[in-house]
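# Architecture at a glance
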Amino acid sequence: MAQYFLEQARVTDFIAHLLAHHTVYAPHHRGGRSFAFEKTSDPEAVVLDYPRVLNAVKKFFLPPREVLLHFDLTRDTAAVPKVEPIDAVFLGVHSYDLAAVRRLDFNFSTGNPERNYLVRRKGARFIGVSYVPDKHHFAGSVGIDPYDMTGCDMFLTKHADGWIVDILTGEGSELAAGFKLEAHDEPKPRRAHFTQHVFVPQARLGQVMEASYDHPVWNETAETCLSCGTCNLVCPTCYCFNVEESVGIDCTNGHRERSWDGCMLRGFTEVAGGEVFREKVAARQRHRVYRKFKYISDVTGQPWCVGCGRCTASCTAKISIVEIVNRLIRDSERDESILT
Amino acid sequence: MAKPNVTAKPSATKKPRVAIFDFTGCEGCELNQLNFEDQLLDILAQVDIVEWREAMDDKAEEYDIAFVEGALSTPDCIKRIHDIRRRTKVLVALGACAVDGGVNAIKNLHPIEEVRATVYGKDQYLFPTLPALPLSAVVKVDHNVRGCPMTQAEFLRLFTSLVMGKQFDEPDLAVCVECKLNENECVYERGMICLGPVTRAGCNSHCTNFGQYCIGCRGLVSEPNLKGMNEVLTSHGLAVDEAWKRLQLYNAYRLQGVRA
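Residues numbered from 1 in each chain as written. Chains lettered and ligands numbered in written order. Predicted model: local features only at pLDDT ≥ 70, side-chain atom pairs only at ≥ 80, totals over all residues.

## As for the overall build of chain B
Across its full length, chain B carries 10 helices and five strands. For 260 residues, the compact-globule estimate of 2.2 N^0.38 gives 18 Å, and chain B sits close to it at 19 Å. In chain B, which comprises 260 residues, the proportion classed as buried is 48%. (Helix = DSSP H or I, 4+ residues; strand = E, 2+ residues; numbered from the N terminus. Rg over C-alpha atoms; globule rule 2.2 N^0.38 Å. Buried ≥ 20, exposed ≤ 12 C-beta atoms within 10 Å, placed from the backbone.)

In structure tokens, the structure reads:
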């Protein structure tokens, strides 16, 4: 594992070097104040120092909309579109988004493997970057610090004059091959100052959730929640989807499409016959939080939230998952102290 | 509750007979049908259009599907919509005016006699008028195609569903969903009022994709949290009064008696 230094002035040269040999996806400006992963054509347009992107890199492996099947009703035939590995370099990924990819890898490879996701994932190479936590990040509380290099082929750590480059895999060496980087052996900065924290040992979160099924926080949150589904859709570990079929105007040829869906949306819990099994917004809020800190966590022993802060940062009603969880922790501790 | 599956498929051999009508509105939704230039021949291959004032002279006694544009705003409208309902198997409300009363319902915010005097002056007694109503206030409506003008993609989806006898599900989720799928920067992030969080999706977040804010033309979702919406506006330092004026542009009928 070798360490090098990349001066700030040579960053665009390095991106140009990557572009000469590979397809590169990296963060770009989107709108006035936001960022999004896009296919890079101009190295100058890439932003490596950013708080968070709107949609996580998940969008490349599980696209927001995806045709699963084309069919012809007169010939009674169907064809599955070809899915190929994404042979590309993902430059500038934050540690929590890669942690989210690892969680999705688990979700999509256990049980019935999700072929389209797993095939697309195959060609991906990751160059991570460190970040400075803003007022919404709390990844430190779920054990993912901004310098965590797990899953990366290469990692860039912010330094006063540029970036410290860690080459972590053979793929990483290939990406850097032909680009001159100076060796670097000074210790790296490793202090991450998170301003948001979930104050509980992770091992106890499951118990806290278990005790909070009837907590008033769910009804109180429902008062302000618009049930718009934003928190689900921006979450890097949410993977629920809807499947719909439609036909063209010839009423003969059609396709089956999958699109992102979310448990905060009323229609998500509507089943055949019109029954809605989580009718109240409060029940949907509880389910959303339990999906991140209880249900999957009971099986895997890990929180299924990566602390990116997107759900809170994107919520128009400013509902904070950190505040909800901390309140549950505080109240469950108080209840315990009364009992003992 | 799941809606009963109302379809127009008459038989395997006969094409459904379609009629198109207009009430109080700008005829923009009908124009939007004529604008299906690439699909018009395919549409005509699936159905027989038996009555359509804007495009032809013929009249018909009965139809399988009636597409009806516009709000009801005169006593004559009420008579005509009952007549159409009697003659058709399936009745589709086409566009914001027919579905929700649309911009016409803004007049309902004022005393009806005052509205009448302002519009018709000394001739007002020649023009009886009513508060504007969506079709569903008077007759049973089987399906809605929302939007101002009506969303073309939704019309085609309903059209193929009716022709094929397939169930049609009206979207009942916020425009925010489509904005997230299209990875748009949130309009609130740009400091503007957006009605997306309480407005029905189905337009593929058309306006916000192009940097505009949502004006709510597809009507409110079935369970809008309007109190929550007020808090969103206040917490973003935006004017609640202005937002409610915008909400009333398309939702004046539905919001009658509801205060900001």
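And the narrative resumes.
## What about the overall build of chain A?
Tallying secondary structure elements over chain A gives 12 helices and 12 strands in all. For chain A, the spread of C-alpha atoms along the three principal axes comes to 70 × 65 × 40 Å. Out of the 340 residues belonging to chain A, those deemed buried represent 39%. The long-range share in chain A, meaning contacts at least 24 apart out of those at least 6 apart in sequence, stands at 71%. (Contact = placed C-beta atoms within 7 Å.)

## Some thoughts on the sheet that holds strand E2 (residues 48–52) of chain B
All names here are of chain B. One open sheet holds the five strands; their spatial order is E2-E1-E3-E4-E5, and the pairing between them is parallel. Edge strands, defined here as strands with exactly one partner in the open sheet, are E2 and strand E5 (143–145). Pairwise comparison of adjacent strand axes, ignoring direction, gives a mean angle of 25 degrees for this sheet. Across the sheet, helix H6 (residues 152–164) touches strand E3 (63–69), strand E4 (88–94) and E5, and the angle it forms with E5 is around 150 degrees. (Pairing = 2+ DSSP bridges. Axes fitted to C-alpha atoms, helices over the stretch in contact; angles between N-to-C directions.)

## Thoughts on the packing of helix H7 (residues 217–224) of chain A against helix H9 (residues 281–293) of chain A
Between two packed helices, what matters for the description is the angle formed by their axes and the separation of those axes. All names here are of chain A. Interhelical geometry of H7 versus H9 gives an angle of 110 degrees and a closest axis separation of 8 Å. Between H7 and H9, the angle is such that the two are roughly perpendicular. Note that H7 runs across H9; the crossing there is right-handed. Residue-level inspection shows Trp218, Asn219, Thr221 and Ala222 of H7 in contact with H9, the latter providing Val281, Ala282, Gln285 and Arg286. (Parallel < 35°, antiparallel > 145°, perpendicular 65-115°, else oblique. Left-handed = near helix turned anticlockwise from the far one by under 90°.)

## Side note on the pairing of E3(B)
Residue and element names in this part refer to chain B. Counting buried positions over the seven residues of E3 gives seven, a clear majority of the element. Note that strand E1 (residues 17–22) and E3 share five bridges and pair parallel. Following the sheet pairing, phenylalanine 21 is matched in E3 by valine 68. Across six bridges, E3 lies against E4 in parallel orientation. Bridged to tyrosine 63 within E4 is threonine 88. For the crossover from E3 across helix H3 (residues 75–87) to E4, the handedness is right-handed. (Right-handed = clockwise from strand over helix to strand, strands pointing away.)

## Notes on the environment of A:Phe138
Within the secondary structure layout, A:Phe138 lies in the loop between strand E7 (124–129) and strand E8 (154–159). Setting aside residues up to four positions removed in sequence, A:Phe138 forms contacts with A:Phe194, A:Gln196, A:His197, A:Val198, A:Gly307, A:Gly309 and A:Val322.

## Concerning the domain arrangement of chain A
Residue and element names in this part refer to chain A. Splitting chain A by domain gives domain 1 (2–71 + 83–183) and domain 2 (202–339). Using only C-alpha atoms to locate each centre, domain 1 and domain 2 end up separated by 26 Å. The interface of domain 1 with domain 2 comprises 31 residues on the first partner and 24 residues on the second. Of all the elements in the fold, those that place two or more residues in the side of domain 1 that touches domain 2 are strand E4 (65–72) and helix H3 (95–109). For the side of domain 1 that touches domain 2, the element with the highest residue contribution is H3, accounting for eight residues. Class assignment of the residues belonging to the side of domain 1 that touches domain 2 gives a composition of 17 nonpolar, eight polar and six charged. (Domains from an automatic or database assignment. Nonpolar A, V, L, I, M, F, W, Y, C, P; charged D, E, K, R; others polar.)

## Some points on the domain arrangement of chain B
All names here are of chain B. Each assigned domain of chain B is listed with its residue range as follows: domain 1 (17–164) and domain 2 (175–251). Measuring from the centre of the C-alpha atoms in domain 1 to the corresponding centre in domain 2 gives 26 Å. Taken together, the contact between domain 1 and domain 2 spans 11 residues of the former and 10 residues of the latter. The leading source of residues in the side of domain 1 that touches domain 2 is helix H4 (residues 95–100), at three residues. Taken together, the residues of the side of domain 1 that touches domain 2 break down into five nonpolar, three polar and three charged.

## Notes on helix H6 (residues 202–210) of chain A
Residues and elements named next belong to chain A. Among the residues of H6, those classed as buried are Leu205, Val208 and Met209. When H6 is viewed along its axis, its buried side chains cluster within an angular range of 95 degrees and face the same direction. More than 90 degrees from the buried face of H6, the exposed residues found are Ala203, Arg204 and Glu210. (Arc of directions from axis to C-beta.)

## A short note on the interface of chain B and chain A
Interfaces are often described in size by the accessible area the parts lose on coming together. Taken together, the contact between chain B and chain A spans 33 residues of the former and 36 residues of the latter. At the level of secondary structure, the elements contributing two or more residues to the side of chain B that touches chain A comprise helix H2 (40–46), H6, helix H7 (175–181) and helix H9 (226–235) of chain B. Classifying every residue of the side of chain B that touches chain A by side-chain character gives 17 nonpolar, six polar and 10 charged.

## Describing the confidence of the model for chain B
For chain B, mean pLDDT is 92; residues scoring 70 or higher make up 95% of the total. Interface confidence in the predicted complex, given as ipTM, is 0.94; pTM for the same model is 0.93. (pLDDT = per-residue confidence, 0-100.)

## As for the sheet that holds strand E3 (residues 34–39) of chain A
All names here are of chain A. Pairing in this open sheet of eight strands is mixed, and the strands run E3-E2-E6-E7-E8-E9-E1-E10 from one edge to the other. The outermost strands of the open sheet, each flanked by one partner alone, are E3 and strand E10 (182–183). Sheet analysis places strand E2 (residues 23–30) next to strand E6 (residues 88–93), joined by three bridges and oriented parallel. Each residue of the ladder has a partner; that of valine 24, found in E6, is valine 89.

## Notes on the environment of B:Met229
Mapped onto the secondary structure, B:Met229 falls in helix H9. The class for B:Met229 is buried, based on 23 C-beta atoms found within 10 Å. Between the C-alpha atom of B:Met229 and that of B:Leu195, which follows or precedes it by 34 residues, the distance is 8.8 Å. With sequence-adjacent residues up to four places away left out, B:Met229 is seen in contact with A:Leu226, B:Pro197 and B:Val198.

## Focus: the nonpolar core
Core analysis: the largest hydrophobic core is formed by 146 residues, its most contacted members being B:Val68, B:Val92 and B:Ala174. If one sorts the elements of this core by residue count, H3(A) sits on top with six residues. If sequence neighbours within four positions are ignored, B:Val92 has contacts with B:Ile65, B:Ala66, B:Phe67, B:Val68, B:Asp142, B:His143, B:Val145 and B:Leu158. (Core = buried A, V, L, I, M, F, W, Y, C linked by C-beta atoms within 7 Å.)

## Looking at H6(B)
The end-to-end C-alpha distance of H6(B) is 18 Å, a good match for the 18 Å that 13 residues give at a rise of 1.5 Å each. Listed as buried for H6(B) are B:Glu154, B:Phe155, B:Arg157, B:Leu158, B:Phe159, B:Thr160, B:Ser161, B:Leu162 and B:Val163. At its buried positions, H6(B) is contacted by strand E11 (241–247) of chain A together with H2, E3, E4 and E5 of chain B. Just downstream of H6(B), B:Gly165 is the residue with a positive phi angle, here 75 degrees. (Expected span 1.5 Å × (residues − 1).)

## Overview of the pairing of E2(A)
As a general feature of sheets, a regular strand has side chains that alternate between the two faces. Residue and element names in this part refer to chain A. Examined bridge by bridge, E2 and E3 share six bridges and lie antiparallel to one another. Paired with proline 27 across the two strands is phenylalanine 37, which belongs to E3. Where E2 folds back onto E3 in an antiparallel hairpin, the turn is made up of three residues, including glycine 31, whose phi is positive at roughly 70 degrees.

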